[in-house]
Amino acid sequence: MSLSSPSRRLCLTGLGLLSLSSLLSACGGSGGDKSTVAQTPSASQLSRIELLAGDTGGDGNVDGNVADAHYFNPGPMVFDASGKLYLSDSGNHTIRVIGRDGKVSTLAGLAGVAGSSDGLANQARFAHPDGIAVDEAGNVYVADRDNHVLRKISPDGMVSTLAGQTGVAGVADGVGAQASLSRPGALLFGPDRRLYLADSEHGLIRTIDLSGRVGTLALNGPIHSPDNGVPFSRHFGAISGMAFDRAGNLYVSDSEYAVVQRISPSGELSLFAGKPQNNAQALRESIDGQGRNAQFIAPARLALDLQGNVLLSDLYSLRKIAPDATVSTLSQATQQMPFLSVQGIAVRPDGEVLLSIANYSVDRIASNGISGLYSRAGGADFKPLSPARVERILRSNNVQITVDFSRPGFGSSRFCLGSDGALYLTDGQGAVHRLDGNGSISTRTMIGEPARNGITQIPHPGAIAQDGAGNIFLSSGYNLYRIAANGMVTQIAGRRDDASLPAHIARLFESVSGLAALPDGTLFAADALLHCIFKITPGGAVSIFAGAPGSRGDSNGQGQAARFKSPQGLALDAAGNLYVADSENYLVRKISPDGQVSTAAGQAGVAGDTDGVSASLGRVSELALNAQGEIYLLEEGKQWLRKIGRNGSLSTVAGSRGKIGNQPGPLPGSLGKTLQGLAVAGDGTVYLGSDRALLALRA
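Reference entry: report on the structure contained in this document.

### What to know about the overall build of the chain
No. 1: A tally of regular secondary structure across the chain gives zero helices and 60 strands.
No. 2: Relative to its full complement of 699 residues, the chain shows a buried share of 59%.
No. 3: Taking the intrachain contacts of the chain between residues at least 6 apart in sequence as the baseline, contacts between residues at least 24 apart amount to 50%.
No. 4: Entry remark: accessible area of the chain is about 25,900 Å², with carbon and sulfur atoms responsible for 48%.

Here's what the structure looks like:
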């Protein structure tokens, strides 16, 4: 089967029980009517993070309760005798453990930091850890894939290198550092208490005893051939998974040859299930059957259940191979349960099956933020276990609108608060959704150009703003559109050098990166590639408000004498001052109504994340102001929300350094990996897009 393309899936959702004040700031971050200032709570009064729409899933590294923990491309996992679950969190370069009490902790490594050093717990470093095993004494063994070594974690948390040479790939046998390993993968203990380790690149199974002595498993058996008669060059193509049964047989999945082979206790190798293939995965079929009559697409991770069945992940599905080699399909991939990226399978003593799921990219379909653990007890469907993904959704005309700010291919997905007291959001296809103060959602109807032949969407939306008359301005690359209150769509500007544009469409832009609108319809637009800010009056007159097209720099000054470097988000205050996210200068700039440019925060050319009066910024991407004139900002690649106070001092409002993953609750909490979309209501509530969720920060 094929998964539906993410581009067909709306990336923003309606708000459950959303209470938006009617005193909202204008789109682009305006502070609203000055009469609301006395009623507006200060930023310091914000106290909690609430989930308004979407779900709390997404990549991350947060420990804690199993339902709240986050992972980044988790890999293989194994239970010890006491019921603890050990997990290689490959994308975080850490080893995690889930206790019997349901608490998740980081056993070794430091999230987000790859390396190779030995040491105690978080002083040690890994590089995409893969296979994992545990012995009776509580020692944990890890196939440290990109370091080409086998690591050992003792019960006191001390990490050491048991076998292999860091950074040296090879197939040499020997003891400790005299041996060499090559991108070690699947790992498990055999009945002889030796470790069995998969070398996928060379099609070898390495054996390692507890003293660090490395050998290569000798195989007796035929090298199989696909139907075209050309024999394979070795016994295994690409070993993806291994598991022992109670009789001591070793089952080995091979994603390159599309088979599962079995090695007897005496070392005899035989084909257990699957038809040997040497064609591309795209040409393969998933067919149930017995033994060689069955077919796999890309057999990967496997484990044995309590009945002795082999559970096998096979790209789009989860397969079961009975002891008599009969293959059946247990589950097919869906958007909610993607089997394309199963990196680990484990079975609890009570029979519950756990899967670790990583992000994937297949046939130009890419996921993001689905990392986590999924479980199935009995015959039920798999469900998210960790994170459990608290979810809030609404429907518009029976269509579910789903938040996912983190999914690639959806454009900027920014949103704004309108003068009518509603929140306006775009999806990846360019439809505009309106969410009112009662929590109901509707989709703005579009007519006219470019809405030809019933098309009601603008592709690849970017920045969005709204004026006091209800006109919505929406960018799409270098194009700029106006969507009138009656739904009429008009292109008002296009590419700077596009000679084919009609005379009534201004030739202005290379890449519209930010928009802000005054109530009278005056529009400001930032161009990240031209490094300047344009101004478009309600009558259509165009001027360069600040900066010089094509000239980069960080100088302040009047209008075109000033310089910017890749300006992004824009925001207006109640006095008409325009604030600019000057991203590659690491600054927030202020432009007065008469065009005088000054620096509001940051140090030109100095990237950082320090708070205080002499603070440093990263690449600022989005801005929004509250009615008190305080500026909230997002920085590219950062997982926190910061604020510039009236005195110019920076502080961190939400999110914590080193912690990634949406966790509603008391501030500062933790936020998702991708923050995108920022607006402030007249009552001081801050709305924030965070991975797969729309969040509200409230007093």
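We are not done yet, so read on.
### Observations concerning the packing of aromatic side chains
No. 1: Tallied over the full model, the rule gives six aromatic pairs.
No. 2: Each ring, one from Y141 and one from F189, has its centre 5.6 Å from the other, and the planes form 85 degrees; the classification is edge-to-face. Highlighted residues: Y141 in strand 9 (residues 140-144) and F189 in strand 13 (residues 184-189), separated in sequence by 48 residues.
No. 3: With a relative accessible area of 1%, Y141 lands in the buried category.

### A few points about the side chain of N662
No. 1: Along the polypeptide, N662 turns up in the loop between strand 56 (650-654) and strand 57 (665-666).
No. 2: Here the side chain of N662 touches G672 through a polar contact of 3.0 Å, landing on its backbone nitrogen.
No. 3: With near-sequence residues (within four places) excluded, N662 lies in contact with D55, T56, G57, H70, S670, L671, G672, S690, D691, R692, A693 and L695.

### Here we look at the sheet that holds strand 55 (residues 641-644)
No. 1: Taken in spatial order, the four strands of this open sheet run 53-54-55-56, and their pairing is antiparallel. Strands at the two margins of the open sheet, each flanked by one partner only, are strand 53 (620-625) and strand 56. Averaged over all adjacent pairs, the angle separating strand axes in this sheet is 30 degrees, with direction ignored.
No. 2: Where strand 53 lies against strand 54 (residues 631-635), five bridges are found, and the strand directions are antiparallel. In the sheet register, L623 faces strand 54, and the bridge partner there is L633.

### Quick look at the nonpolar core
Nonpolar side chains in soluble globular proteins generally cluster together in the buried interior.
No. 1: Within the largest apolar cluster, 18 residues are counted, with the highest numbers of intra-cluster contacts made by Y632, L641, L671, L678, V686 and L697.
No. 2: Among the elements of the structure, strand 1 (48-55), strand 54, strand 56, strand 58 (675-680), strand 59 (686-690) and strand 60 (693-698) are those that each provide at least two residues to this core.
No. 3: Not counting residues up to four positions away in its chain, the partners in contact with L678 are F415, E622, L623, A624, Y632, L633, L634, L641, V686, Y687 and L688.
No. 4: Membership of the second largest hydrophobic core comes to 17 residues, among which are L480, A493, C532 and I536.

### Focus on the pattern of salt bridges
No. 1: For the structure on display, the rule yields 25 salt bridges.
No. 2: Across the pair R319 and D314 runs a salt bridge whose closest N-O atoms are separated by 2.7 Å. Comparing R319 with D314 shows no difference in burial state: the two are buried.
No. 3: For E635, the salt bridge identified is with R642, shortest N-O distance 2.9 Å.
No. 4: Several salt bridges share partner residues, and in doing so they unite D130, R145, D146, R183, E201 and R301 into one network.

### Considerations on the pairing of strand 23 (residues 310-314)
No. 1: For strand 23, the buried fraction is high: five of the five residues fall into the buried class.
No. 2: Sheet topology note: the strand 22 (residues 299-304)/strand 23 ladder contains four bridges and is antiparallel. Paired with A303 across the two strands is L311, which belongs to strand 23.
No. 3: Across five bridges, the pairing between strand 23 and strand 24 (residues 317-321) is antiparallel. Looking at strand 24, one finds that L311 is bridged to K320.
No. 4: Counting the residues that bridge the hairpin from strand 23 to strand 24 gives two residues, and of these L315 lies at a positive phi of roughly 55 degrees.

### Looking at the layout of surface pockets
No. 1: Here the largest pocket is characterised by a volume of approximately 1,300 Å³.
No. 2: Lining the largest pocket are 45 residues; nearest its centre among them are V78, F79, L188, A243 and F244.
No. 3: Elements with a contribution of two residues or more to the lining of the largest pocket: strand 3 (74-79), strand 8 (129-134), strand 13, strand 17 (239-244), strand 22 and strand 26 (342-347).
No. 4: Per-class residue counts for the lining of the largest pocket are 26 nonpolar, nine polar and 10 charged.

### Digging into the side chain of S616
No. 1: Counting through the fold element by element, S616 comes out in the loop between strand 52 (596-602) and strand 53.
No. 2: The class of S616 is buried, set by a relative accessible area of 5%.
No. 3: A polar atom in the side chain of S616 sits 2.8 Å from the side chain of T610.
No. 4: When neighbours within four sequence positions are excluded, S616 is seen to be in contact with Q603, V606, A607, G608, D609, T610 and R642.

The rules behind these values
Residues numbered from 1 in each chain as written. Predicted model: local features only at pLDDT ≥ 70, side-chain atom pairs only at ≥ 80, totals over all residues. Heavy atoms only, no water. Helix = DSSP H or I, 4+ residues; strand = E, 2+ residues; numbered from the N terminus. Buried < 20%, exposed > 50% of the residue type's maximum accessible area, 1.4 Å probe, protein only. Contact = heavy atoms within 4.5 Å. Areas by Shrake-Rupley, 256 points an atom, 1.4 Å probe, with all protein chains shown as cover. Phe/Tyr/Trp six-rings, centres within 6.5 Å; stacked < 30°, edge-to-face > 60°. Polar contact = N/O pair within 3.5 Å; in protein donor to acceptor, adjacent residues only side chain to side chain. Pairing = 2+ DSSP bridges. Axes fitted to C-alpha atoms, helices over the stretch in contact; angles between N-to-C directions. Core = buried A, V, L, I, M, F, W, Y, C linked by side-chain atoms within 4.5 Å. Salt bridge = Lys/Arg side-chain N within 4 Å of Asp/Glu carboxyl O. 1 Å grid on protein atoms, 1.4 Å probe; cavity = no way out; pocket = protein on both sides within 12 Å on 5 of 7 lines; lining within 4 Å. Points joined across faces, edges and corners; volume = space filled by probe spheres on them. Nonpolar A, V, L, I, M, F, W, Y, C, P; charged D, E, K, R; others polar.

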